[in-house]
Amino acid sequence: MASRKHQEVQQYIYLDGNSLLTEQLVQLGKGAYKIKLTPDVERKVNKSRDLVEKITNQDQAVYGINTGFGIFARTRIPHDKLVELQENVIRSTAVGVGDSLSPERSRMLLALRINVLAKGYSGISLETLTQMIQAFNASCLSYVPEKGTVGASGDLAPLAHLALGLMGEGQMWSPKSGWADAKYVLQAHGLQPISLKAKEGVGMINGTQMITALGAEAVERAMAIARQADIIAALTLEVLKGTTRAFDSDIHDLRPHRGQVQVAARFRSLLNSDVHPSEIAASHRLCDRVQDAYTLRCCPQVHGVVNDTIAFVKGILVTEMNSVTDNPIVLAERGDIISGGNFHGEYPAKVCDYLAIGVHELASISERRIERLCNPSLSELPAFLVKEGGLNCGFMMAHCTAAALVSENKVLCHPSSVDSLSTCAAIEDHVSMGGWAARKALRVVEHVEQVLAIELLAACQGLEFVRPLHTTEPLEKVYELVRSVVKPLDKDRFMAPDFEIVRKLLTEEKVWRAVEPYMEHYRLAQAPE
């Protein structure tokens with residue numbers, strides 16, 4: 001099945017090293033596209049390689065071409081040992097540990113490395129780059145352990161493992177073969193192992209591509225869950241019979257942060273209005289409550305800064321994805337090769353930490369809303385949202401799961417990029433620790449998805465006790481979507497599968513798509529508040 005699906009992919013994306021977006025990289029990871037290069041890329045790559053070949057044939061010492069690495073940078077390597085030098089740097093650097101990256105993430109890593117090499121500043125040959133693309137298009141993916149990078153001279157260990165498989169050594173995976181010896185996997189697809197030339201080994205491993213690839217996935221998933229968090233919170237507000245007045249546009253125009261204004265507008269488009277009337281809102285219009293708890297009233301302010309954080313992080317990552325992070329850098333137009341520090345992972349490391357801190361708040365505030373839904377003294381609903389409480393526990397332990405995930409996130413949100421350990425005999429004396437920053441950002445996002453899935457289930461369950469009243473049409477569509485996959489909780493049952501099913505609705509953005517037309521209709525109607 002997986003093999004047939006992979007073979008059906010016929011769409012191509014042209015990589016030029018300048019225009020790749022995070023959403024495109026995620027799709028490349030899913031196998032939605034194959035890769036081609038533009039003619040201009042081929043010209044730049046050839047020109048860069050010509051300079052490397054010229055210097056190789058001269059007696060000029062250039063780091064990474066005819067010298068050792070790190071503390072051995074002053075050691076000259078004889079001409080007849082240059083290929084061995086490049087092979088050695090791959091083998092000696094492929095020292096990662098831990099679980100392998102998933103095929104999807106390995107595919108993202110390979111695609112992003114191809115994109116960076118396509119810029120034409122690494123000195124890699126067009127032949128080698130073409131072989132990398134052939135491996136990607138056949139979905140021949142190296143075994144890449146997720147741990148072992150300190151994110152300074154690039155993601156050295158992960159990228160070395162990536163290169164090792166392409167050399168026909170170590171393990172590879174493909175839909176056709178599964179995990180097997182790399183040489184066999186390549187042969188099964190009619191491909192030859194890469195034979196490295198001068199400069200190509202170091203050219204394949206210097207860069208921030210693992211931090212950035214995982215960060216790209218994290219930011220795309222964060223964006224998806226953030227906008228659906230607004231929908232879930234709006235449904236919770238309806239069930240708890242909250243007021244819409246806190247979302248008045250005049251309030252938010254006085255504090256015009258983009259994210260805050262955006263979230264308030266979403267709430268207005270989903271909650272009671274002339275365009276989308278709510279029977280629930282009408283039922284408590286004359287109540288004596290004048291304001292709601294912060295977890296309802298302050299959603300634009302709290303969710304809003306998460307949106308702004310995600311936008312900032314995405315901007316940094318897109319720049320990083322299309323940057324030269326190699327060392328040394330081949331400046332063919334100048335006829336020069338220069339050692340610099342573009343490989344340092346501080347940029348993607350810092351924003352991955354920032355992303356984790358930002359998106360965590362969606363789970364933190366969601367857990368408090370779950371508490372309000374479950375607590376009868378706050379909700380005016382049955383305790384833990386179940387009939388025959390005592391005999392049934394309802395959402396009692398579901399709330400505990402949410403609390404546990406939020407607590408775990410608090411530890412994961414401690415920034416790894418504030419740490420640094422000197423490595424490589426004090427040559428690499430400041431490092432970013434960006435690999436862990438990216439991996440834990442993904443874990444934080446996953447926990448946020450799980451907490452919000454619990455809130456969505458709890459809000460839909462609460463709606464059962466407000467019937468026969470109905471909420472607005474867009475929020476009813478959300479309820480119908482959830483009920484199409486999870487039935488109401490009439491009595492206690494095994495709920496873990498329900499959480500995962502609803503989380504899948506969120507990761508596939510089905511909740512967003514269910515209400516998006518209604519939000520657009522509200523915007524076009526320009527209804528009075």
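Residues numbered from 1 in each chain as written. Predicted model: local features only at pLDDT ≥ 70, side-chain atom pairs only at ≥ 80, totals over all residues. Heavy atoms only, no water.

A. Main features of the side chain of Asn-392. Structurally, Asn-392 can be placed in the loop between α17 (376–379) and α18 (396–412). Residue classification places Asn-392 among the buried residues on the basis of a relative accessible area of 8%. Setting aside residues up to four positions removed in sequence, Asn-392 forms contacts with Val-386, Lys-387, Asp-490, Lys-491 and Asp-492. (Helix = DSSP H or I, 4+ residues; strand = E, 2+ residues; numbered from the N terminus. Buried < 20%, exposed > 50% of the residue type's maximum accessible area, 1.4 Å probe, protein only. Contact = heavy atoms within 4.5 Å.)

B. Here's a closer look at the packing of aromatic side chains. In the structure shown here, the tally under the stated rule is 3 aromatic pairs. Relative to Trp-179, the ring of Tyr-143 has its centre 5.6 Å away and its plane inclined at 75 degrees; by these criteria the two rings are edge-to-face. Linking Tyr-143 in the loop between β4 (141–142) and β5 (145–147) with Trp-179 in strand β7 (residues 178–181), this pair joins segments that are 36 residues apart in sequence. Classification of Tyr-143 as partly exposed rests on a relative accessible area of 31%. One Lys or Arg, Lys-36, reaches over the ring of Tyr-12 and ends 4.4 Å from the middle of that ring. Between the NZ or CZ atom of Arg-467 and the centre of the ring of Tyr-479, over which it lies, the distance is 4.7 Å. (Phe/Tyr/Trp six-rings, centres within 6.5 Å; stacked < 30°, edge-to-face > 60°. Lys NZ or Arg CZ within 6 Å of the ring centre and 35° of its normal.)

C. How the structure looks around a nonpolar patch on the surface. Residues Ile-71, Phe-72 and Ile-427 make up a contiguous nonpolar surface patch of roughly 320 Å² in combined accessible area. Relative to the helices and strands, Ile-427 resides in the loop between α18 and α19 (434–464). (Patch = residues over 30% accessible without salt bridge, like charges linked within 9 Å, V, L, I, M, F, W, Y side chains within 5 Å. Areas by Shrake-Rupley, 256 points an atom, 1.4 Å probe, with all protein chains shown as cover. Salt bridge = Lys/Arg side-chain N within 4 Å of Asp/Glu carboxyl O.)

D. Just the pattern of salt bridges, in detail. A full pass over the atoms with the stated rule returns 33 salt bridges. Between Glu-217 and Arg-221 there is a salt bridge, and its shortest N-O distance comes to 2.9 Å. Separated by 4 residues within a single helix, Glu-217 and Arg-221 lie in helix α10 (residues 209–239), roughly one turn from each other. Like Arg-221, Glu-217 is buried. Residues Asp-498 and Arg-493 are paired through a salt bridge, measuring 3.0 Å at the closest nitrogen-oxygen approach. The class for Asp-498 is buried, based on a relative accessible area of 10%. Each of Arg-105, Glu-217, Arg-221, Glu-449, Glu-500 and Arg-503 takes part in salt bridges that share partners, so that together they form one network.

Interpretation note: all reported values are geometric properties and have no functional meaning in isolation.
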